[in-house]
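Residue-level structure breakdown
Residues per chain are reported as follows:
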Amino acid sequence: MVRDHHLLRRRSRAVVTAVVAALTVAGAALAALPAQARTPARAERLPWSPSRPHGGVRGHDVSSHQKDVDWPSAKAKGAGFVYVKATESTAYRNPYFTRQYDGAGTAGLLRGAYHFAVPDKSSGTDQAAYFVRNGGADGRTLPPALDIEYDPYARRRSCYGLRPAAMVRWIREFSDEVERETGRTPVIYTTAHWWNTCTGSSRAFAARHALWLARYGAADPGALPAGWSTWTFWQYDTTGGLPGDQDLFHGSPAGLERLARG
């Protein structure tokens, strides 16, 4: 998921520096390739096609990193929906959230909001309440979403220092509070590896929570987190024809409309 905190950006710059140094070694060999081989054709990488078994509706997700989005352009390029980052922990609200959220709706996209979880900072109940207070769930559009994944601030603590049972309790607290305040069950965004590792392959949420799966660089969603037999959204790339991350809804436009109506 696209994140937008300065701490992560500083860490990203360090990673980029290391990557650039490594690429320098292979630079000469890469330069010798024809341009067509060096530059992947983005359109050919899209997993979405009406003729493919998983079909679907194209969409994307954005954060403050995208700033002011050209929503009519995104709509014209085929976007049917967008998720907008609203909050993180209990001390950060996307400063572009209102403009992005309202702009998407004005352009005719179905939209929803997501919260980036930081479970070692405060309880699931507190973070859910903060999310709802800051525009994260209005009960009229796509279900609110919980982004629960690797800790971007401490690589060696991918589970935020929580044991599986504690992580499951945290997610349950968040879900219960969102549902209490909005009447909607949140979508859960995660990866199969993170979920199975950090929740101990919990199957406690699959029956009632739609899955937003993150899996990049693959022709299909692959193995799902424990408990789920299908996915509702699939984040299949971090860049592409739409602003931000590239997503797919597993269903028809009419199905997406029904999901938005709750």
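Treat the numbers as computed from the prediction; the structure is a model and nothing was measured.

A few points about the packing of aromatic side chains
Geometry of an aromatic ring pair is reported as the spacing of the ring centres plus the angle between the planes. For the structure on display, the rule yields 15 aromatic pairs. Consider the rings of Trp170 and Phe174, whose centres lie 5.9 Å apart with planes at 15°: the pair is stacked. Highlighted residues: Trp170 and Phe174, both in helix α7 (residues 164–182), separated by four residues, approximately one helical turn. By the burial criterion, Trp170 is buried, and Phe174 matches it. Consider the rings of Trp195 and Trp228, whose centres lie 5.2 Å apart with planes at 70°: the pair is edge-to-face. Taken together, the positions of Trp195 in helix α8 (residues 192–198) and Trp228 in the loop between β7 (211–214) and β8 (233–237) put the pair 33 residues apart, joining distant regions of the chain. An identical accessibility class is assigned to Trp195 and Trp228; each is buried. Here the aromatic cluster, defined as three or more aromatic residues joined through ring pairs, consists of Phe81, Tyr83, Tyr114, Tyr189, Trp212, Phe233 and Phe249. For Arg111, the ring lying beneath its charged end belongs to Tyr101, and the centroid distance is 4.2 Å.

Some details on the pairing of strand β6 (residues 187–190)
Covered by surrounding structure in β6 are Val187 and Tyr189 together with Ile188 and Thr190, the residues of both alternating faces. In terms of strand pairing, strand β5 (residues 145–147) meets β6 through three bridges, oriented parallel. Bridge pairing links Asp147 to Tyr189 in β6. Sheet analysis places β6 next to β7, joined by three bridges and oriented parallel.

Points about the state of the cysteines
Under the counting rule described, the total for this entry stands at one disulfide. In this model, Cys159 is linked to Cys198 through a disulfide, with the two sulfur atoms separated by 1.9 Å. What sets the handedness of the Cys159 and Cys198 disulfide is the S-S torsion sign, and at about -75° it is left-handed. Pair noted here: Cys159 is in the loop between β5 and α7 and Cys198 is in helix α8, with a separation of 39 residues, a long-range link.

Here's the deal with α7
For the α-helix, the turn length of 3.6 residues means that residues three or four positions removed from each other point alike. Here α7 is 19 residues long and its end C-alpha atoms lie 27 Å apart, about the 27 Å a rise of 1.5 Å per residue gives. Among the residues of α7, those classed as buried are Met167, Val168, Trp170, Ile171, Phe174, Ser175, Glu177, Val178 and Thr182. Structurally, α7 contributes buried residues whose contacts are with β4 (110–116), α6 (124–133), β5, β6 and α8. Once α7 ends, the next one or two residues include Gly183, with phi positive near 80°.

Topic: the nonpolar core
In terms of nonpolar packing, the biggest core is built from 43 residues, with Ile148, Ile171, Trp195 and Trp228 touching the most fellow members. At six residues, the largest contribution of residues to this core is made by α7. Counting residues in hydrophobic clusters, the runner-up holds 16 residues, among them Phe81, Leu110, Leu142 and Phe249.

Side note on unusual backbone geometry
Unlike most non-glycine residues, Ser89 shows phi in positive territory, near 55°. Mapped onto the secondary structure, Ser89 falls in the loop between β2 (81–88) and β3 (92–93). The backbone of Ser201 shows a phi angle near 60°, a positive value even though the residue is not glycine. Within the secondary structure, Ser201 is located in the loop between α8 and β7.

A closer look at the confidence of the model for the protein chain
Where the model shows low pLDDT, its predicted coordinates should not be examined in detail. The share of residues in the protein chain with pLDDT of 70 or more is 79%, and the mean pLDDT across the chain is 84. Here residues 5–44 is a poorly scored stretch, pLDDT under 50, and it has 21 contacts once near neighbours within four places are set aside; other chains count. Across residues 48–53, where pLDDT falls below 50, the model places eight contacts with residues more than four positions away in sequence or in other chains.

Examining α6
Most of α6 sits inside the fold, with seven of its ten residues counted as buried. Considered for burial, the residues of α6 that qualify are Gly124, Gln127, Ala128, Ala129, Tyr130, Phe131 and Val132. Gly135, located one to two residues past α6, shows a positive phi value of around 85°.

How each quantity is defined
- Residues numbered from 1 in each chain as written.
- Predicted model: local features only at pLDDT ≥ 70, side-chain atom pairs only at ≥ 80, totals over all residues.
- Heavy atoms only, no water.
- Phe/Tyr/Trp six-rings, centres within 6.5 Å; stacked < 30°, edge-to-face > 60°.
- Helix = DSSP H or I, 4+ residues; strand = E, 2+ residues; numbered from the N terminus.
- Buried < 20%, exposed > 50% of the residue type's maximum accessible area, 1.4 Å probe, protein only.
- Lys NZ or Arg CZ within 6 Å of the ring centre and 35° of its normal.
- Pairing = 2+ DSSP bridges.
- Disulfide = S-S within 2.5 Å.
- Expected span 1.5 Å × (residues − 1).
- Contact = heavy atoms within 4.5 Å.
- Core = buried A, V, L, I, M, F, W, Y, C linked by side-chain atoms within 4.5 Å.
- pLDDT = per-residue confidence, 0-100.

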